[in-house]
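Coordinates in review
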Amino acid sequence: MTAHDFPSGLVADEGGMDMILVGDSLAMVALGMKDTNQVKLDDILHHCRAVSRGVRSAFTIGDLPMGSYEVSPEHAVSSSIRMIQDGRVEAVKLEGGIELAPTISRITSIGIPVLGHIGLTPQRSHSLGGFRVQGRTAASASKLFTDALALQNAGCFSLVLEAVPAPVAELITEKLRIPTIGIGAGNGCSGQVLVQIDMLGNFPEGRFMPKFVKQYANVFEESKKAMKQYREDVRSRAYPAKEHTYPISPEELKEFEE
Ligand code: KIV
Ligand code: NA
């Protein structure tokens, strides 16, 4: 499950999630940005710290944002160290395939666990031609498999497979030693991940919702209902009622009035 602040980390942990990802999707869900490309390492670190204060038992992972790991393996290592030290998470995630294998080897060699992410990689949406399903041709499915093996060999403890046809994700999962975490990749993966506000329905009407999201609650509508009720109660003076107020003794009140 993803989380982006203290309460969303707390509820995911208390709800029994095994792993909690502070995804760069916080760009949209917490910061109102258009896509994940605008979010910086410092932004993520701030949110990682908040999440980690709410999490007691889940394994926490921080998403390395665009620009924090591609330039060189050294840069990726220092960004990963900041994630652990300043973000207080336990592992990092990064997007990409075989081209990042040397970088991942460097990060894992110093004892920082790395979660890979292939398939639809939102940080690369401009070169993917938008948010599209990946691995729909034999050639692109084979490329995914090559990438998955390279990431496993580089030391990833697990891989996110995003927006991949279910049979492709299932076959890749069967062939790997490490577990896969699917999002829009069917139930043949080892585990699943969803963006928390999507599965809770905690977003306003109009937010684009991918086909793979299942909405388990309607938190935004519930919250809006509460806002409207509060507004009505304040205007009608039904709130605050007697039980929401502090008393004063009749003697003190009398003296005050005089
Ligand atoms: O940023 C994010 O929330 C993610 C998950 C959806 C895998 O990368
Ligand atoms: Na992400």
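Worth saying up front: this structure is predicted, and the values here are computed from it rather than measured.

About the cut-offs
- Residues numbered from 1 in each chain as written.
- Chains lettered and ligands numbered in written order.
- Predicted model: local features only at pLDDT ≥ 70, side-chain atom pairs only at ≥ 80, totals over all residues.
- Heavy atoms only, no water.
- Helix = DSSP H or I, 4+ residues; strand = E, 2+ residues; numbered from the N terminus.
- Patch = residues over 30% accessible without salt bridge, like charges linked within 9 Å, V, L, I, M, F, W, Y side chains within 5 Å.
- Areas by Shrake-Rupley, 256 points an atom, 1.4 Å probe, with all protein chains shown as cover.
- Salt bridge = Lys/Arg side-chain N within 4 Å of Asp/Glu carboxyl O.
- Core = buried A, V, L, I, M, F, W, Y, C linked by side-chain atoms within 4.5 Å.
- Buried < 20%, exposed > 50% of the residue type's maximum accessible area, 1.4 Å probe, protein only.
- Contact = heavy atoms within 4.5 Å.
- Donors = N, O, S within 2.8 Å, 3.2 Å for Na, K, Ca; no water.

A few words on unusual backbone geometry. Following Tyr239, the chain continues to Pro240 via a peptide bond in cis, the omega torsion being -5°. Following the sequence through the fold, Pro240 ends up in the loop between helix H10 (219-236) and helix H11 (250-257). Positive phi values are uncommon outside glycine, yet Arg88 reaches one of about 60°. Of note, Arg88 is situated in the loop between helix H4 (73-85) and strand S3 (91-93).

What follows deals with a nonpolar patch on the surface. A cluster of nonpolar side chains, namely Tyr230, Val234 and Tyr239, defines an oily patch on the protein surface of about 290 Å² accessible area. Looking at the element boundaries, Tyr230 is found in helix H10.

Our focus in this paragraph is the nonpolar core. Of all hydrophobic cores here, the largest spans 56 residues; its most connected members are Met83, Leu94, Ile104, Ile107 and Leu159. In this view, Met83 contacts Leu41, Ile44, Leu45, Cys48, Gly62, Asp63, Leu64, Pro65, Arg88, Val89 and Val92; residues no more than four positions away in its chain are not counted.

Attention shifts here to the coordination of the sodium ion (ligand 2). Taken together, the protein ligands of the sodium ion (ligand 2) are Asp24 (OD) and Asp63 (OD), with distances of 2.3 Å. Here Asp63 lies in strand S2 (residues 59-63) and Asp24 lies in the loop between strand S1 (19-22) and helix H2 (26-29), a separation of 39 residues in the sequence. Just as Asp24 is buried, Asp63 falls in that class too.

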